[in-house]
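# Close look at the chain arrangement
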Amino acid sequence: HPRRYRDACWLGSDTWRRRVVHESDSLLVVDKPHRLPSMAHESNAVEHCGGCAERGLGLPNATLKVTHRLDSSTSGVLVLGKTESAVREFNDSVAKKPGSKEIVKGYVMLVSSDTSVPLGSLTHWMYPGPFGPGAFHGHTLRRSRARLLRSGDGRDELKGGSVRRWKRCE
């Protein structure tokens, strides 16, 4: 059974048109709805931002290509290429190299609590993969679920002779 993203995908043509931030011959920039994957998922190759925007805007299938990703649970600006050369050019322009621009993704969250919540930055550690059966101490971590977080100093973890780094996220 595929994971479904009906509420975020099947918005109708008027709503998808309102979500277009910029369009050129080579790029389409959209305001991606939350709870929608940026790209096709192993469980659902149909309901993802590019495919949903294509259907909503009346574009041919497989017109839009992913240039970067936002988490499924995150809404925000997503740049989709209309050609392979546009995707390459976009990725080259933001690649980490001398003189290049850098994409900075900022996240804002709304928190509700009966107690006071301290303001400031939150630092956590994320297991970057691999995922699947036996990938993490004999347990399965699925790509489609929230990532395993841990507090600590982010030191390497040794398992079966291989070292895996936890990714620092701030």
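How each quantity is defined
- Residues numbered from 1 in each chain as written.
- Predicted model: local features only at pLDDT ≥ 70, side-chain atom pairs only at ≥ 80, totals over all residues.
- Heavy atoms only, no water.
- Helix = DSSP H or I, 4+ residues; strand = E, 2+ residues; numbered from the N terminus.
- Contact = heavy atoms within 4.5 Å.
- Areas by Shrake-Rupley, 256 points an atom, 1.4 Å probe, with all protein chains shown as cover.
- Buried < 20%, exposed > 50% of the residue type's maximum accessible area, 1.4 Å probe, protein only.
- Disulfide = S-S within 2.5 Å.
- Pairing = 2+ DSSP bridges.
- Patch = residues over 30% accessible without salt bridge, like charges linked within 9 Å, V, L, I, M, F, W, Y side chains within 5 Å.
- Salt bridge = Lys/Arg side-chain N within 4 Å of Asp/Glu carboxyl O.
- Core = buried A, V, L, I, M, F, W, Y, C linked by side-chain atoms within 4.5 Å.

### Notes on the overall build of the protein
The helix and strand tally for the protein stands at 4 helices and 11 strands. In the protein, the share of contacts with a sequence separation of at least 24, taken over all contacts with a separation of at least 6, comes to 52%. Total accessible area on the protein is roughly 11800 Å²; 52% of this is exposed by carbon and sulfur atoms.

### Overview of helix α3 (residues 49-57)
The element α3 is extensively covered by neighbouring structure, given that 7 of its 9 residues are classed as buried. Along α3, the residues classified as buried are Cys49, Gly50, Gly51, Cys52, Ala53, Glu54 and Gly56. Contacts made by the buried residues of α3 are with α1 (6-9), α2 (13-19), β2 (27-32) and β4 (76-81). Downstream of α3 by one or two residues, Gly58 has phi in the positive range, about 75°.

### A look at the state of the cysteines
Under the criterion given, the structure shown has 1 disulfide. The disulfide bridge from Cys9 ends at Cys52, spanning 1.8 Å between sulfur atoms. What sets the handedness of the Cys9 and Cys52 disulfide is the S-S torsion sign, and at about -105° it is left-handed. Of this pair, Cys9 sits in helix α1 while Cys52 sits in helix α3; the two residues are 43 residues apart in sequence, bridging distant segments of the chain. Overall, Cys52 belongs to the buried group, its relative accessible area being 1%. Lacking any disulfide linkage, Cys49 is separated from the closest cysteine sulfur, that of Cys52, by 7.1 Å.

### A word on the pairing of β2
Buried residues dominate β2, accounting for 5 of its 6 residues. Pairing of strand β1 (residues 20-23) with β2, which is carried by 3 bridges, proceeds in the antiparallel orientation. Each residue of the ladder has a partner; that of His22, found in β2, is Val29. The turn joining β1 and β2, which pair antiparallel and follow one another in sequence, is formed by 3 residues.

### Description of a nonpolar patch on the surface
On the surface, Met109, Val111 and Val117 cluster together into a nonpolar patch covering about 290 Å² of accessible area. Here Val117 lies in the loop between α4 (84-94) and β5 (124-126).

### Let's talk about the nonpolar core
Core analysis: the biggest nonpolar cluster contains 14 residues, and Trp16, Val30, Leu36, Cys49 and Leu78 have the highest contact counts within it. Val30 has contacts with Arg19, Val20, Val21, Cys49, Gly76, Val77, Leu78 and Leu80, leaving out every residue within four places of it along the chain. Membership of the second largest hydrophobic core comes to 6 residues, among which are Val29, Ala86, Phe90 and Val94.

### Here's the deal with the sheet that holds strand β3 (residues 65-66)
The antiparallel open sheet is built from 4 strands, whose spatial order is β1-β2-β4-β3. Among the strands making up the open sheet, the edge pair consists of β1 and β3.

### Describing the pattern of salt bridges
On inspection of all chains with the given rule, the structure shows 4 salt bridges. Put simply, Arg19 and Asp31 hold a salt bridge, and the shortest N to O gap is 3.5 Å. Pair noted here: Arg19 is in helix α2 and Asp31 is in strand β2, with a separation of 12 residues, a long-range link. Put simply, Lys82 and Glu23 hold a salt bridge, and the shortest N to O gap is 2.6 Å. Pair noted here: Lys82 is in the loop between β4 and α4 and Glu23 is in strand β1, with a separation of 59 residues, a long-range link.

All quantities given are derived from atomic positions and should not be read as evidence of function.
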